[in-house]
Amino acid sequence: MRIFNMISIFAIPVMMTTILIHGLIKGVKLYDAFTEGAQEGFKTAVRIMPYLIAIFLAVNILRKSGGMDYIIRVFLPITRPLGIPSEILPLAFIRPFSGSGSLAVLKDIITTYGPDSLIGRVASTMMGSAETIFYTMAIYFGAVGIQKSRHTVAAALISHIAAILASVMICRLLFR
Amino acid sequence: MNIIWILMILFGMLVALLSGKIEIINEVLIGDVQEAVVFAISLTGIMAVWLGLMNIAKKSGLITSFSRIFRPVIKLLFPSIPVNHPAISAIMMNMMANMFGAGNSATALGLKAMEELQTLNSNKKVASNAMCMFLVINMSSIQLIPLTVIKIRADAASSLPEEIIVTTIFATTVSTIVGILACKAMEGRKS
């Protein structure tokens with residue numbers, strides 16, 4: 001565990017130092033190049049703001065109204081035969097929409113069912129293997145002005161379903 | 001996106017109305033929307049740092065040598081990106097930041113990658129194959145050590161909080177491969 005922690009903590013500083021040292025050796029004017037590049041950061045932040053706001057608005061209305069719970073209920077009959085514990089469905093559904101929301105749901109699942117239960121393990125695995133699809137799409141496409149996302153949603157959702165099924169499968173296989 | 005967005009809002013409004021919780025709409029308008037702005041602003045700092053570093057790496061030639069190493073992989077996944085294009089290094093660095101769970105750095109580098117991909121895109125309003133592929137890989141998140149999840153498990157007194165590392169790597173690998181295949185299979189379609 002300590003080794004993993006170390007790798008995670010050191011990864012970014014190592015990347016930064018490599019870039020800086022390499023630049024130094026090659027005689028790049030580091031300070032000038034850095035500030036020149038950094039200027040773009042502000043433009044990007046302002047550009048993604050409208051898309052972030054749009055997504056936050058829709059996701060939070062859907063979540064806080066309880067609408068999300070109804071959507072989950074519709075899918076119960078499909079997921080049960082696949083051996084997916086119904087307790088993890090809220091997480092499976094909120095994950096594509098909201099990072100902080102899914103973290104809250106994960107906490108809830110783990111405290112309710114215990115971290116070392118099958119449900120707790122499946123939920124933990126799922127959390128780490130899937131990403132907030134709609135949020136990422138909104139800001140990435142929004143930042144460069146793409147309006148037609150083509151097959152991105154379909155492929156991402158297929159990948160998300162694969163993550164859910166793989167999480168259930170590997171946990172059932174590995175633990176007991 | 002347009003349809004999904006309006007459906008989310010209208011359905012949420014309807015449920016809120018029917019369950020007598022219509023005040024949550026105001027709550028969202030006042031509180032949560034502000035969060036989006038705060039998040040975007042808080043991203044500015046890390047964004048600027050990485051774009052600054054990328055500019056150094058571009059000038060020092062590090063990006064060129066970097067993309068040379070990963071050329072075979074990139075050629076397979078993104079055949080439309082020319083050799084030595086800055087998009088390659090932005091994509092690779094985004095993947096690395098993702099792997100090590102540095103979320104905000106990953107976003108900053110990912111946005112840079114999207115800008116580079118946009119310069120190669122023939123129709124600026126329609127996503128290119130490379131963009132779809134990049135997003136799908138990015139979203140199926142190849143994270144090596146899910147630190148937040150381990151922390152939550154440890155807080156809940158798990159006897160072995162990190163036991164989910166192996167299962168996570170397995171699930172994430174499966175989902176990434178499935179995503180890549182799905183993306184490749186649908187690339188031919190126009191809309």
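Residues numbered from 1 in each chain as written. Chains lettered and ligands numbered in written order. Predicted model: local features only at pLDDT ≥ 70, side-chain atom pairs only at ≥ 80, totals over all residues.

- Naming follows an unreviewed UniProt entry, where chain B appears as Spore maturation protein A of Alkaliphilus peptidifermentans DSM 18978.

- An unreviewed UniProt entry lists chain A under the name Spore maturation protein B, with Alkaliphilus peptidifermentans DSM 18978 as the source organism.

**Notes on the overall build of chain B**
Then, number 1: What chain B contains, in helices and strands, is 9 helices and 0 strands.
Then, number 2: Written out in order from the N terminus, the α and β elements of chain B read α-α-α-α-α-α-α-α-α.
Then, number 3: The dimensions of chain B, computed from C-alpha atoms along their principal axes, are 60 × 50 × 35 Å.
Then, number 4: Every one of the 191 residues in chain B was classed for burial, and the buried ones make up 48%. (Helix = DSSP H or I, 4+ residues; strand = E, 2+ residues; numbered from the N terminus. Buried ≥ 20, exposed ≤ 12 C-beta atoms within 10 Å, placed from the backbone.)

**Here we look at the overall build of chain A**
Then, number 1: Within chain A one finds 8 helices and 0 strands.
Then, number 2: The globule rule puts the C-alpha radius of gyration for 176 residues at 16 Å, and the 21 Å found for chain A is more than 25% above it.
Then, number 3: Taking the principal axes of its C-alpha atoms as reference, chain A extends roughly 60 × 40 × 30 Å.
Then, number 4: Within the span of chain A, comprising 176 residues, buried residues form 49% of the whole. (Rg over C-alpha atoms; globule rule 2.2 N^0.38 Å.)

**Observations concerning the environment of Leu157(A)**
Residues and elements named next belong to chain A.
Then, number 1: Relative to the assigned elements, leucine 157 resides in helix 8 (residues 152–174).
Then, number 2: Leucine 157 gets classed as partly exposed once you count the C-beta atoms within 10 Å, which come to 16.
Then, number 3: The sequence separation of leucine 157 and glycine 128 amounts to 29 residues, and the corresponding C-alpha distance is 16 Å.

**Describing unusual backbone geometry**
All names here are of chain A.
Then, number 1: For arginine 150, which is not a glycine, the phi torsion comes out positive at approximately 50°.
Then, number 2: Structurally, arginine 150 is set in the loop between helix 7 (133–144) and helix 8.
Then, number 3: Its 20 C-beta neighbours within 10 Å are what place arginine 150 among the buried residues.

**Some words on helix 5 (residues 86–99) of chain B**
Each turn of an α-helix holds 3.6 residues, which means side chains three or four residues apart point in the same direction.
Residues and elements named next belong to chain B.
Then, number 1: For helix 5, with 14 residues, the first-to-last C-alpha span of 20 Å sits near the 20 Å given by 1.5 Å per residue.
Then, number 2: In terms of burial, helix 5 is a largely internal element, 10 of the 14 residues being buried.
Then, number 3: Of all the positions in helix 5, only Ala87, Ile88, Ser89, Ala90, Ile91, Met93, Asn94, Met95, Ala97 and Asn98 are classed as buried.
Then, number 4: Where helix 5 is buried, its residues meet helix 2 (23–60), helix 3 (62–69), helix 4 (71–77), helix 6 (103–120) and helix 7 (129–139). (Expected span 1.5 Å × (residues − 1). Contact = placed C-beta atoms within 7 Å.)

**A look at the UniProt feature "transmembrane region" (unreviewed entry) in chain A**
All names here are of chain A.
Then, number 1: UniProt's entry tags residues 7–25, 45–62, 118–141 and 153–175 with the feature "transmembrane region" (unreviewed entry), counted in the numbering of this structure.
Then, number 2: The span residues 45–62 is 100% helical and 0% strand by assignment, and the distance between its end C-alpha atoms comes to 25 Å.
Then, number 3: Secondary structure over residues 153–175 splits into 96% helix and 0% strand, and the C-alpha atoms at its two ends are 33 Å apart. (UniProt positions renumbered as here; feature names shortened; annotations may be inferred.)

**Considering the interface of chain B and chain A**
Then, number 1: Taken together, the contact between chain B and chain A spans 90 residues of the former and 85 residues of the latter.
Then, number 2: Looking at the side of chain B that touches chain A, the elements with two or more residues in it are helix 1 (2–18), helix 2, helix 6, helix 7, helix 8 (147–155) and helix 9 (164–186) of chain B.
Then, number 3: Element by element, the count of residues in the side of chain B that touches chain A is highest for helix 2 of chain B, at 26 residues.
Then, number 4: Looking at the side of chain B that touches chain A residue by residue, the classes come out as 55 nonpolar, 24 polar and 11 charged. (Nonpolar A, V, L, I, M, F, W, Y, C, P; charged D, E, K, R; others polar.)

**Some remarks on the UniProt feature "transmembrane region" (unreviewed entry) in chain B**
Then, number 1: The UniProt record marks residues 36–57, 132–152 and 164–183 of chain B with the feature "transmembrane region" (unreviewed entry), using the residue numbering of this structure.
Then, number 2: Helix makes up 100% of residues 164–183 of chain B and strand 0%, and the two end C-alpha atoms of the span are 28 Å apart.

**Observations regarding the UniProt feature "domain: Nucleoside transporter/FeoB GTPase Gate" (unreviewed entry) in chain A**
Then, number 1: In this numbering, the UniProt entry assigns the feature "domain: Nucleoside transporter/FeoB GTPase Gate" (unreviewed entry) to residues 46–146 of chain A.
Then, number 2: Measuring from the first to the last C-alpha atom of residues 46–146 of chain A gives 16 Å, for a span that is 76% helix and 0% strand.

**Thoughts on the packing of helix 6 (residues 118–129) of chain A against helix 9 of chain B**
Then, number 1: Orientation of helix 6 of chain A relative to helix 9 of chain B, taken along the N-to-C sense of each, is 50°, at an axis distance of 8 Å. When the interaxial angle is binned, helix 6 of chain A and helix 9 of chain B end up oblique. Here helix 6 of chain A and helix 9 of chain B pass one another in a crossing that is right-handed. Listed contacts from helix 9 of chain B to Arg121(A), Ser124(A), Thr125(A), Gly128(A) and Ser129(A) of helix 6 of chain A are Ile164(B), Thr167(B), Thr168(B), Ala171(B), Thr172(B) and Ser175(B).
Then, number 2: Residues belonging to the contact of helix 6 of chain A with helix 9 of chain B are distributed by class as follows: 2 nonpolar, 8 polar and 1 charged. (Axes fitted to C-alpha atoms, helices over the stretch in contact; angles between N-to-C directions. Parallel < 35°, antiparallel > 145°, perpendicular 65-115°, else oblique. Left-handed = near helix turned anticlockwise from the far one by under 90°.)

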